[in-house]
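Architecture and fold: a report
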Amino acid sequence: MKIKDRSTIPFHIVKGVLLTLLSIICVLPFIVIISGSLTDNYTILKEGFSLFPRNTTIEAYRTIFRSPEGIIQAYKMNFYYTFMGTALGLLVITLTAYVISRKDFKYRNTVSFLIYFTTIFGGGMIPWYMMYANVLNLRGSTLAIWFPALMSPFLVILMRTFITGSVPDAVVESAKIDGAGHWTIFWKIVLPVLGPGLATVGLFQALGYWNDWYRASMFSTSSETWSLQFYLYDMVNSTMAMRQMAQNVSLNTADLPTQTVKLAMAVVATGPVLLFYPFVQRYFVSGITIGAVKG
């Protein structure tokens, strides 16, 4: 036994070194972003980025929070879109995945094919926009921003894999013999064992909603419904426009925090995600393992 343990020492050393290097590679961009957001804009333009702040300043954050009402409203809408889309999306995705995972459902293969088909072929952006803006008349409504992403074919297939791997058919058949219906089986047998799967799919859903700016740019008619990402995108465009105007009248543009604002916006946008991720990490890893091994 000792000989076997000694033989694995080189493997563990190499594994530890590789994981450490990969961790450093993953962390370095975040350090550079935070450092750049706290560095003077002229220093970045002249000397480039670095791991540690130089000529430290918080001017970029002052620029972003100069009108706190706007960014607070954007945060509120982002939390609203993320919560509504993730909560209802998990319900719809889980119910759909449960149905197509049952072998006694006659049309399970047909429905699964139709869901998978949409990942290969789509109607195109123009028909998609016309359906929500003209047919459903949702332009300007918050519903148009979170409803289109309520259900993802990839996440349905992923959740079906979780259900198939976590709930044996024998358990479902035993529940049916005892008189349980599909609603009872779903709520009392299937759902309680889907913790890792719900965390994994929910994380994918939440990140998709949190990072989205495209639907807000297409359907929002007022800044009151802007998502955080689109609000920051608009602020970057405004800053760049100010820089262009200053150049046109031959003014010094080095003092305009264009680069540092971009980095500070990245910190503002990713901060809540970095704080939330550690709480679901163990469920996320467990869910990916279930999907990979038992799927």
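Because the structure is a prediction, the values reported are computed rather than measured.

Below, the discussion takes up the overall build of the protein chain. Summing up its helical and strand segments, the protein chain has 15 helices and zero strands in all. Split into buried and exposed, the 295 residues of the protein chain put 34% on the buried side. The contacts of the protein chain with a sequence gap of at least 6 include a subset with a gap of at least 24, amounting to 73%. With an accessible surface of roughly 17600 Å², the protein chain has 68% of that area assigned to carbon and sulfur atoms.

This part takes up the packing of aromatic side chains. Using the criterion set out here, one finds 20 aromatic pairs in the structure. Judged by centre distance (5.6 Å) and plane angle (65°), the ring pair of Trp-128 and Phe-219 falls under edge-to-face. Remark: Phe-219 occurs in helix α13 (residues 214–219) and Trp-128 occurs in helix α7 (residues 125–135); sequence separation between them is 91 residues. Overall, the relative accessible area of 26% leaves Trp-128 in the partly exposed class. By the ring-pair criterion, three or more aromatic residues cluster together here, those being Trp-213, Tyr-214, Trp-226, Phe-230 and Tyr-233.

Judged by nonpolar contacts, the single largest core of 25 residues is most densely connected at Ile-64, Ile-71, Leu-228, Tyr-231 and Leu-232. Sorting the residues of this core by element identifies α4 (59–64), α5 (68–101), α8 (143–146), α12 (195–210), α14 (228–248) and α15 (258–293) as the ones contributing at least two each. Beyond its immediate stretch of four places on either side in the chain, Leu-232 contacts Ile-71, Met-265 and Ala-269. Ranked by size, the runner-up nonpolar core spans 20 residues in total, among them Ile-100, Val-156, Ile-163 and Ala-175.

A separate point is a nonpolar patch on the surface. A cluster of nonpolar side chains, Ile-9, Ile-13, Val-14, Val-17, Leu-18, Leu-21, Ile-24, Val-27, Leu-28, Ile-31, Leu-51 and Phe-52, forms an exposed patch at the surface whose accessible area comes to about 1100 Å². Note that Ile-9 resides in helix α2 (residues 9–37).

Looking now at the pattern of salt bridges. Summed over the entire model, instances satisfying the criterion amount to six salt bridges. A salt bridge links Glu-47 to Arg-54, with the nearest nitrogen and oxygen atoms 2.9 Å apart. According to the relative accessible area criterion, Arg-54 is partly exposed, its value standing at 23%. Arg-102 is the salt-bridge partner of Asp-169, the closest N and O atoms lying 3.7 Å from each other. Of the two residues, Asp-169 is situated in helix α10 (residues 169–177) and Arg-102 in the loop between α5 and α6 (108–117); the sequence distance between them amounts to 67 residues. Since its relative accessible area comes to 32%, Asp-169 is described here as partly exposed. Each of the salt bridges in this network shares a partner with another, and the network as a whole consists of Arg-102, Lys-103 and Asp-169.

Per the counting criterion, the structure on display carries one cavity of 30 Å³ or more. Looking at the largest cavity, the residues that line it are Asn-78, Tyr-81, Ile-145, Tyr-209, Asp-212, Arg-215 and Ser-227. Classifying every residue of the lining of the largest cavity by side-chain character gives three nonpolar, two polar and two charged.

Moving on: unusual backbone geometry. Positive phi, normally seen in glycine, also occurs at Asn-55, with a value near 50°. Tracing the sequence through the fold places Asn-55 in the loop between α3 (41–47) and α4. Relative accessible area serves as the criterion here: at 54%, Asn-55 is assigned to the exposed category. With a phi close to 55°, Asn-137 is a non-glycine residue in the positive phi region. The residue Asn-137 is located in the loop between α7 and α8 in this model. Relative accessible area serves as the criterion here: at 60%, Asn-137 is assigned to the exposed category.

Along the chain, Asn-78 falls in helix α5. Asn-78 has contacts with Tyr-209, Trp-210, Ser-227, Leu-228 and Gln-229, leaving out every residue within four places of it along the chain.

It is worth spelling out the environment of Gly-89 at this point. Along the chain, Gly-89 turns up in helix α5. Taking the C-alpha atoms as reference points, Gly-89 and Gln-205, separated by 116 residues in sequence, lie 7.5 Å from one another.

What follows concerns the side chain of Ser-101. Following the sequence through the fold, Ser-101 ends up in helix α5. Its relative accessible area of 4% is what places Ser-101 among the buried residues. In terms of polar contacts, Ser-101 uses its side chain to reach the backbone carbonyl oxygen of Tyr-98, at 2.7 Å. With residues up to four places along the chain from it excluded, the contact list for Ser-101 reads Arg-108, Arg-160, Ile-163 and Thr-164.

Reading guide: rules and limits
Residues numbered from 1 in each chain as written. Predicted model: local features only at pLDDT ≥ 70, side-chain atom pairs only at ≥ 80, totals over all residues. Heavy atoms only, no water. Helix = DSSP H or I, 4+ residues; strand = E, 2+ residues; numbered from the N terminus. Buried < 20%, exposed > 50% of the residue type's maximum accessible area, 1.4 Å probe, protein only. Contact = heavy atoms within 4.5 Å. Areas by Shrake-Rupley, 256 points an atom, 1.4 Å probe, with all protein chains shown as cover. Phe/Tyr/Trp six-rings, centres within 6.5 Å; stacked < 30°, edge-to-face > 60°. Core = buried A, V, L, I, M, F, W, Y, C linked by side-chain atoms within 4.5 Å. Patch = residues over 30% accessible without salt bridge, like charges linked within 9 Å, V, L, I, M, F, W, Y side chains within 5 Å. Salt bridge = Lys/Arg side-chain N within 4 Å of Asp/Glu carboxyl O. 1 Å grid on protein atoms, 1.4 Å probe; cavity = no way out; pocket = protein on both sides within 12 Å on 5 of 7 lines; lining within 4 Å. Points joined across faces, edges and corners; volume = space filled by probe spheres on them. Nonpolar A, V, L, I, M, F, W, Y, C, P; charged D, E, K, R; others polar. Polar contact = N/O pair within 3.5 Å; in protein donor to acceptor, adjacent residues only side chain to side chain.

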